[in-house]
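Fold and contact review
These are the residues of each chain, in order.
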Amino acid sequence: MKIWVLADSLTGYTYDFEIYVGKDNSPSSRFGLAYDVVMRLSKSIINQGYVIFFDNFYTSYQLLKDLLLKGICACGTILKNRKGFPNALKDVKTFEKNSNRGDMRWVRDDEILTTQWRDNKTVSVMSNFMTANGYSKINGEYRKLLVKQPSDYQGV
């Protein structure tokens, strides 16, 4: 038995939930159980400015695209073997061999950004609303854009 829950991370308020007791005979989409659960539970927050976060069980390229169409921003960790995961980021061993802790790389496909960040191991995250941490498109290429920032205001 499992309980799927859509809850507010700050207050713990439960917007909706479902009790799952195993596979039943109800029709499902071609995108799988996790996709269907998120789409059903998020019906009550369409176009209201919410951002939802989930783990790699739920995260998929198709889910993020479809949530964005409903006005829902979303982000989650993702496994490299998921359908829609960028081929350019699948070689994690080479990335870990040639990078240091704190390094990152990313690929954007339309509105979907996949980022890999190196900690002790590589962590992959897919989002439909995040930016690539200071990178801007310059002459058709994404490059790090250095922007001067004011120092902390120490007030008088």
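Predicted model only: the values in this text are computed from it and were never measured.

1. Re the packing of aromatic side chains
Across all of its chains, the model carries nine aromatic pairs by this definition. Summarising the aromatic geometry, the rings of Phe31 and Tyr35 are spaced 4.8 Å apart at their centres and angled 50° between planes, so their arrangement reads as tilted. Under the relative-accessibility criterion, Phe31 is labelled partly exposed at 32%. According to the relative accessible area criterion, Tyr35 is buried, its value standing at 10%. Considering the side-chain rings of Phe54 and Tyr58, the 6.3 Å spacing of their centres and the 55° angle between planes classify their relative orientation as tilted. On the basis of relative accessibility, which here comes to 13%, the residue Phe54 falls in the buried class. By way of ring pairs, the aromatic residues Trp4, Tyr20, Phe54, Phe57 and Tyr58 are connected into one cluster. The ring centre of Phe57 lies 5.9 Å from the NZ or CZ of Lys2, which sits over that ring.

2. Considerations on the sheet that holds strand β7 (residues 122-127)
Ordered by their spatial adjacency, five strands build an open sheet running β3-β4-β7-β6-β5, and the pairing between neighbours is mixed. Edge positions in the sheet fall to β3 (51-54) and β5 (104-109), since each has one partner strand and no second. Geometrically, the sheet is characterised by an average inter-axis angle of 15° between neighbouring strands, direction not taken into account. Strand contacts of helix α2 (residues 61-69): β3, β4 (73-77), β5, β6 (112-118) and β7, with the helix running at about 165° to β3, the strand carrying the most contacts.

3. Describing helix α1 (residues 33-41)
Within α1, seven of the nine residues are buried, leaving the element largely enclosed by the surrounding structure. For α1, the set of buried residues is Ala34, Tyr35, Asp36, Val37, Val38, Met39 and Leu41. On the buried face of α1, the contacting elements are β1 (2-7), β2 (14-20), β3 and α2.

4. Brief notes about unusual backbone geometry
Despite not being glycine, Asn47 has its phi angle at roughly 55°, a positive value. Position of Asn47 among the secondary structure elements: in the loop between α1 and β3. Residue class for Asn47 comes out exposed when judged on its relative accessible area of 60%. One non-glycine residue with positive phi stands out, namely Asp110, at about 55°. Looking at the element boundaries, Asp110 is found in the loop between β5 and β6. By relative accessible area, Asp110 is classed as exposed at 54%.

5. Structural notes on α2
All of the buried residues in α2 are Tyr61, Leu63, Leu64, Asp66 and Leu67. Buried residues in α2 make contact with α1, β3, β4, β5, β6 and β7. Of the residues flanking the end of α2, it is Gly71, one or two places downstream, whose phi is positive at about 75°.

6. Digging into the pattern of salt bridges
This structure, assessed with the given rule, holds four salt bridges. Note that Lys65 is salt-bridged to Asp110, the shortest N-O span being 3.7 Å. With Lys65 in helix α2 and Asp110 in the loop between β5 and β6, this residue pair connects regions lying 45 residues apart in the sequence. Accessibility expressed as a relative area gives 22% for Lys65, which makes it partly exposed. A salt bridge links Lys65 to Glu111; its shortest N-O distance comes to 3.4 Å. Here Glu111 lies in the loop between β5 and β6 and Lys65 lies in helix α2, a separation of 46 residues in the sequence. The structure contains a network of salt bridges with shared partners spanning Lys65, Asp110 and Glu111.

Definitions and cut-offs
Residues numbered from 1 in each chain as written. Predicted model: local features only at pLDDT ≥ 70, side-chain atom pairs only at ≥ 80, totals over all residues. Heavy atoms only, no water. Phe/Tyr/Trp six-rings, centres within 6.5 Å; stacked < 30°, edge-to-face > 60°. Buried < 20%, exposed > 50% of the residue type's maximum accessible area, 1.4 Å probe, protein only. Lys NZ or Arg CZ within 6 Å of the ring centre and 35° of its normal. Pairing = 2+ DSSP bridges. Helix = DSSP H or I, 4+ residues; strand = E, 2+ residues; numbered from the N terminus. Axes fitted to C-alpha atoms, helices over the stretch in contact; angles between N-to-C directions. Contact = heavy atoms within 4.5 Å. Salt bridge = Lys/Arg side-chain N within 4 Å of Asp/Glu carboxyl O.

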